[in-house]
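# Residue-level structural notes
Given next are the chains, with one letter for each unit.
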Amino acid sequence: MASCVKEGLFFVGEDPQLGHIRGLDPWAVDNGIHLIRMEPDKTEGIMMIRESNQQQYGTVHGGMLVAFADTIAGHSLVPHGKMCVTQGSTVNFLRPADGAYLFCRATPVKVGKRICVVSVEQRNDRDELVTTALFTFAVAEEIPPFLGEPKYPNLTF
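It should be emphasised that the depicted structure is a prediction, and the values quoted were computed from it without experimental measurement. (Residues numbered from 1 in each chain as written. Predicted model: local features only at pLDDT ≥ 70, side-chain atom pairs only at ≥ 80, totals over all residues. Heavy atoms only, no water.)

For the structure shown, the criterion picks out two aromatic pairs. A ring pair is formed by tyrosine 101 and phenylalanine 103, whose centres lie 5.4 Å apart and whose planes are at 80°; its orientation type is edge-to-face. Ring centres 6.0 Å apart and planes at 20° place the aromatic pair phenylalanine 135 and phenylalanine 137 in the stacked group. When sorted by exposure, phenylalanine 135 lands in the same class as phenylalanine 137, which is buried. (Phe/Tyr/Trp six-rings, centres within 6.5 Å; stacked < 30°, edge-to-face > 60°. Buried < 20%, exposed > 50% of the residue type's maximum accessible area, 1.4 Å probe, protein only.)

What follows is the structure in structure tokens.
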């Protein structure tokens, strides 16, 4: 289990492949998911591919891909002052997820008072599109908007 230290709303964990970067929560960090940047127009994350998130064929389990997309999509609404819960999603699996890591970019499409919609893309370390998704969130709470300063500004896709 990765050691996590709380820093504001988020937890920070150490990943030997990335060093210290801002994480999300203990479950996400333990599963290799890290937040790269959190801005009003996009939120990006990275997930390290490990044996623990692969299925028997050696690629990332579909449920793990959905969890990764959902985590980054939900956090894309924090800069808008929204704490949300997932209401629904549609995920399109375009190719097997393999390699060393996956990138995820979540782009808010509609930020409403009660409902928010976020578009998501996940790409592998060869910049191939792995999934596309559309998430609908119900706003659970209005919070002060929060922007996550990237620790590695050049790490993007």
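Take the side chain of arginine 37 next. Topologically, arginine 37 is positioned in strand E4 (residues 33-38). When its relative accessible area of 6% is taken as the criterion, arginine 37 is described as buried. A polar contact is formed between the side chain of arginine 37 and the side chain of glutamate 44, at a distance of 2.9 Å. (Helix = DSSP H or I, 4+ residues; strand = E, 2+ residues; numbered from the N terminus. Polar contact = N/O pair within 3.5 Å; in protein donor to acceptor, adjacent residues only side chain to side chain.)

So, on to the nonpolar core. Of all hydrophobic cores here, the largest spans 28 residues; its most connected members are Val60, Leu102 and Val120. Those elements giving two or more residues to this core turn out to be E4, helix H2 (62-75), strand E7 (101-111), strand E8 (115-124) and strand E9 (129-142). In terms of residue count, the dominant contributor to this core is H2 (six residues). (Core = buried A, V, L, I, M, F, W, Y, C linked by side-chain atoms within 4.5 Å.)

Tracing the backbone through its elements, the reader meets glutamate 39 in the loop between E4 and strand E5 (43-48). Residues glutamate 39 and glycine 148 lie 109 residues apart in sequence; the distance between their C-alpha atoms is 7.0 Å. Once residues lying within four places of it in the same chain are set aside, the contact partners of glutamate 39 are Pro79 and Leu147. (Contact = heavy atoms within 4.5 Å.)

Moving on, we get to the sheet that holds strand E6 (residues 82-93). On the basis of which strands lie adjacent, the open sheet formed by six strands has the order E4-E5-E7-E8-E9-E6 and antiparallel pairing. Since the sheet does not close on itself, it has two edges, and those belong to E4 and E6, each with one partner. If you compare each strand with its neighbour and ignore which way they point, the axes differ by 25° on average. One ladder, built from nine bridges, connects E7 with E8; its direction is antiparallel. Looking at E8, one finds that alanine 106 is bridged to valine 120. (Pairing = 2+ DSSP bridges. Axes fitted to C-alpha atoms, helices over the stretch in contact; angles between N-to-C directions.)

Shape descriptors only; they carry no functional weight alone.
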